[in-house]
Amino acid sequence: MAFDDPIARPQVTDIPQIRLSGSIDDGTLSAFNTQLAGVAPGDVPITVELSTLGGDAEVGRRLALEAKIAARSLAPRTLLFLGKTTVFSAGVTMMSGFPRDHRFLTEDTVLLIHCRQLQKTIEIQTSLRGAKLQIGQILSEIENGLRVEKEDFAALIADSDVSMDELLERAGTNWYVPAREALDRGLIGGIV
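What you see is a predicted model; the values in this text were computed from it and never measured.

Reading the values: the criteria
- Residues numbered from 1 in each chain as written.
- Predicted model: local features only at pLDDT ≥ 70, side-chain atom pairs only at ≥ 80, totals over all residues.
- Heavy atoms only, no water.
- Helix = DSSP H or I, 4+ residues; strand = E, 2+ residues; numbered from the N terminus.
- Buried < 20%, exposed > 50% of the residue type's maximum accessible area, 1.4 Å probe, protein only.
- Contact = heavy atoms within 4.5 Å.
- Areas by Shrake-Rupley, 256 points an atom, 1.4 Å probe, with all protein chains shown as cover.
- Lys, Arg positive; Asp, Glu negative; His and termini not counted.
- Charge placed at Lys NZ, Arg CZ, Asp CG, Glu CD.
- 1 Å grid on protein atoms, 1.4 Å probe; cavity = no way out; pocket = protein on both sides within 12 Å on 5 of 7 lines; lining within 4 Å.
- Points joined across faces, edges and corners; volume = space filled by probe spheres on them.
- Nonpolar A, V, L, I, M, F, W, Y, C, P; charged D, E, K, R; others polar.
- Phe/Tyr/Trp six-rings, centres within 6.5 Å; stacked < 30°, edge-to-face > 60°.
- Salt bridge = Lys/Arg side-chain N within 4 Å of Asp/Glu carboxyl O.

Student: Whenever I open this one, the overall build of the chain confuses me. Can you help?
Tutor: Check the secondary structure of the chain and you find seven helices and seven strands. The secondary structure elements of the chain, listed N-terminal to C-terminal, are α-β-α-β-α-β-α-β-β-α-α-β-α-β. Oriented by its inertia axes, the alpha-carbon framework of the chain measures out at about 65 × 35 × 25 Å. Burial analysis of the chain (192 residues in total) assigns 43% to the buried set. Intrachain contacts of the chain at a sequence separation of at least 6 include 72% that bridge at least 24 residues. Roughly 10,300 Å² of accessible area belongs to the chain as shown, and the carbon and sulfur atoms make up 53% of that amount. When the 19 basic and 26 acidic side-chain charges of the chain are each reduced to a single mean position, those positions are 5 Å apart.

Student: For this particular structure, what's the right way to read the layout of surface pockets?
Tutor: One water molecule sets the probe size; rolling that probe over the atoms shows where empty space is left. When its volume is computed, the largest pocket comes out at roughly 300 Å³. Lining the largest pocket are 18 residues, with A57, S89, T93, H114 and R116 positioned closest to its centre. Listed by contribution, the elements that provide at least two residues to the lining of the largest pocket are α4 (90–95), β5 (110–113) and α5 (128–157). With four residues, the top contributor of residues to the lining of the largest pocket is α5. When its residues are assigned to classes, the lining of the largest pocket shows eight nonpolar, six polar and four charged. Within this model, the second largest pocket holds a volume of roughly 210 Å³. Around the second largest pocket sit E58, R116, Q117, L118, E141, I142, N144, G145, L146, V148 and E149, which together line it. The dominant element in the lining of the second largest pocket, judged by the number of residues it contributes, is α5, at seven residues. Across the lining of the second largest pocket, the residue classes break down as four nonpolar, three polar and four charged.

Student: How do you make sense of the packing of aromatic side chains when you look at a structure like this?
Tutor: Centre-to-centre distance and the angle between the planes together describe a pair of aromatic rings. What the rule picks out here adds up to two aromatic pairs. Ring plane angle 55° and centroid distance 5.4 Å describe the contact between F81 and F98, whose orientation is recorded as tilted. Of this pair, F81 sits in strand β3 (residues 79–88) while F98 sits in the loop between α4 and β4 (103–105), and the two are 17 residues apart along the sequence. Comparing F81 with F98 shows no difference in burial state: the two are buried. With a centroid separation of 5.8 Å and an interplanar angle of 80°, the aromatic rings of F88 and Y176 are classed as edge-to-face. Taken together, the residues F88 in strand β3 and Y176 in strand β6 (residues 175–178) connect sequence positions 88 residues apart. What makes F88 buried here is its relative accessible area of 14%. Judged by its relative accessible area of 45%, Y176 is partly exposed.

Student: Help me understand the pattern of salt bridges, please; the structure alone is not making it clear to me.
Tutor: When charged atoms on two side chains of opposite charge get close, those side chains can pair. Within this structure, the stated rule accounts for 13 salt bridges. Notably, a salt bridge pairs R116 with E58, separated by 2.3 Å at the nearest N-O pair. Here E58 lies in helix α3 (residues 57–74) and R116 lies in the loop between β5 and α5, a separation of 58 residues in the sequence. On the accessibility criterion, R116 (30% relative accessible area) is partly exposed. R170 is the partner of E166 in a salt bridge, and the nearest nitrogen-oxygen pair spans 3.2 Å.

Written out as structure tokens, the structure is:
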């Protein structure tokens, strides 16, 4: 669906059937599943509205997965994403679960894309073997986080003109992307 497509605009701007706002957390996941289960049968697209300052990265990944599963199970009905005002961090991760052409933002929306974060205090008071084990576990956690980050970023930039190298560089220092830039770079399907 292109930005200027007159058919696409009413499908997205109708009252969203699923509305999510606030921190991305277990409550958001529950609200998504509850609201999705309550959507009336029909053949019109289902719009998922989101406004968030971010939250739990793993819940964002789970929401992306739930969106992909729902899109498959609802076919040929379409599941659309509508970001409003702010879609930060874990919200962008959720958005990556929708195909680019099914992602829309209001004209005032800003995306915040950044690398996964780790906040951990390490206190080592053990044998050297124990310390080596503890540090190894932390390195495994970091390596897994980097792998997951790359998978999520690949889904986000699919069919766009943003390369992985550019994304990793810009996300390393918090990339704020206004709706128009997101459209111009091919990260979304349109602005409403």
